[in-house]
Each structure stands twice: as structure tokens, then as C-alpha cells.
Amino acid sequence: EVARKEATMKHTSRDVYAYGICMYQVLFNKARPYKNVTNVDEIVAQFPEFRPKIPKKIKREGEAMPVLIHLMKQCWDNDPMKRPSFEAICALLKKQ
């Protein structure tokens with residue numbers, strides 16, 4: 001949203017999106033989620049469809065993994081108002 005000049009939003013949806021990116025980096029051991037992108041303009045040009053690719057073969061197994069992937073995708077929702085709050089994220093994570 002910031003790159004698209006939507007900085008007037010008064011909620012934490014941008015932080016939730018960034019949290020989803022951090023989840024991607026941790027879950028899939030990826031330092032750069034946008035591996036082949038060199039500048040923000042490229043990301044903005046491909047937005048809102050542009051999201052990191054989730055590997056088909058997941059190295060980390062476990063019953064929590066599908067839940068975490070679903071949460072990560074929710075954090076990336078194109079509609080900032082549909083992204084979960086940090087309170088909802090914490091509640092979900094405490095259950096796992």
C-alpha cells in the first residue's frame with residue numbers, strides 16, 4: 001500500500017502483510033521473497049497479484065504447517081480490511 005501511495009490507511013494491515021512476508025521467510029528459509037525483483041516499481045507494477053511463490057514440496061512437515069500457510073496467505077489478502085488483526089493472529093498461533 002505504501003508503494004502504491006495508499007499511506008493514508010489508519011490501521012495495521014501493512015504490518016500484517018509484512019508479517020506474512022516474514023512468515024514466508026522463516027517457514028521456507030527464503031531470505032528474499034521477491035528473488036528476481038530488483039526494485040519496488042517492479043513489485044507495484046505486478047500488484048495485487050504479485051506474491052511470493054509457495055514451494056510445492058515443503059521441507060518442514062507437521063500438522064501446523066497447513067494452518068501457518070493459510071494464515072500467511074490471509075496476511076497477504078489484496079483487501080487490507082480482510083487481513084487478520086494481530087490479535088487474531090496471536091490467538092491462532094497460541095492454539096498451535
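Our structure is the block above this text.
Everything in this summary refers to the structure shown in the same document. All figures in this text were calculated on a predicted structure; none of them were measured in a lab. (Residues numbered from 1 in each chain as written. Predicted model: local features only at pLDDT ≥ 70, side-chain atom pairs only at ≥ 80, totals over all residues. Heavy atoms only, no water.)

**A word on the overall build of the chain**
Heads up, the rule is: Helix numbering and strand numbering both begin at the N terminus, where a helix is a DSSP run of H or I of at least 4 residues and a strand a DSSP run of E of at least 2. Only protein chains enter the accessibility calculation, which uses a 1.4 Å probe; a residue is then buried when its area is under 20% of its type maximum, exposed when over 50%, and partly exposed in between. Any two residues whose heavy atoms approach within 4.5 Å are treated as being in contact. In these tables, accessible area is a Shrake-Rupley quantity obtained with a 1.4 Å probe, and a residue counts as shielded only by the protein chains included in the view.
Scanning the chain from terminus to terminus reveals 4 helices and 0 strands. A burial count over the chain gives 31% of its 96 residues as buried. Pairs at least 24 residues apart make up 61% of the contacts formed inside the chain by residues separated by at least 6 positions. Split by element, the accessible area of the chain, about 6900 Å² in all, is 56% carbon and sulfur.

**Points about the packing of aromatic side chains**
The criterion, for reference: Here a Phe, Tyr or Trp ring, Trp counted by its six-membered ring, pairs with any other such ring whose centre lies within 6.5 Å, and the pair is stacked when the planes are under 30 degrees apart, edge-to-face when over 60, and tilted otherwise.
One pass over the structure, following the stated rule, counts 3 aromatic pairs. On the basis of an interplanar angle of 80° and a centroid distance of 5.9 Å, the ring pair of Tyr19 and Phe86 is categorised as edge-to-face. Placement of the pair is Tyr19 in helix H1 (residues 13-27) and Phe86 in helix H4 (residues 86-95), with a sequence separation of 67 residues. Under the relative-accessibility criterion, Tyr19 is labelled partly exposed at 29%.

**Concerning helix H3 (residues 65-75)**
The test is simple: Note that the arc is computed from the directions linking the helix axis to the C-beta atoms.
Listed in full, the buried residues belonging to H3 are Met65, Leu68, Ile69, Leu71, Met72 and Cys75. Down the axis of H3, the buried set is contained in an arc of 160°. They therefore lie on one face. Exposed and oriented more than 90 degrees from the buried face of H3 are Pro66 and His70. Buried residues along H3 sit against H1 and H4.

**What to know about the environment of Asp79**
Going by this rule: For the purposes of these results, a polar contact is taken to be a pair of N or O atoms within 3.5 Å, where, inside protein, one atom must be able to donate a hydrogen and its partner to accept one; residues adjacent in sequence count only when each atom of the pair is a side-chain atom.
Assignment of secondary structure puts Asp79 in the loop between H3 and H4. Placed 66 residues apart in sequence, Asp79 and Ser13 show a C-alpha to C-alpha distance of 9.1 Å. Here Met81 takes part through its backbone nitrogen, which lies 3.0 Å from a polar atom of the side chain of Asp79.

**A closer look at the packing of H1 against H4**
Here is the rule: The axes are straight lines fitted to the C-alpha atoms, using for helices just the contacting stretch, and the angles between their N-to-C directions are given from 0 to 180°. Ten residues, namely Ala, Val, Leu, Ile, Met, Phe, Trp, Tyr, Cys and Pro, are considered nonpolar, four, namely Asp, Glu, Lys and Arg, are considered charged, and the remaining ones, Gly among them, are considered polar.
The N-to-C vectors of H1 and H4 enclose an angle of 35°; their axes lie 10 Å apart at closest approach. In contact with Asp15, Val16 and Tyr19 of H1, H4 contributes Phe86, Ile89 and Leu93. In terms of residue class, the contact of H1 with H4 is built from 5 nonpolar, no polar and 1 charged.

**Remarks on the packing of H3 against H4**
Put simply, the rule reads: Orientation labels follow simple angle bins: below 35 degrees gives roughly parallel, above 145 gives roughly antiparallel, 65 to 115 gives roughly perpendicular, and whatever is left gives oblique.
Where H3 meets H4, the axes come as close as 11 Å, and the angle between the chain directions of the two elements is 175°. In terms of axis orientation, H3 runs roughly antiparallel to H4. Residue-level contacts link Val67, Leu68, Leu71 and Cys75 of H3 to Ile89, Leu92 and Leu93 of H4. The residue makeup of the contact of H3 with H4, split by class, is 7 nonpolar, no polar and no charged.

Any functional reading would require information beyond the geometric quantities listed.
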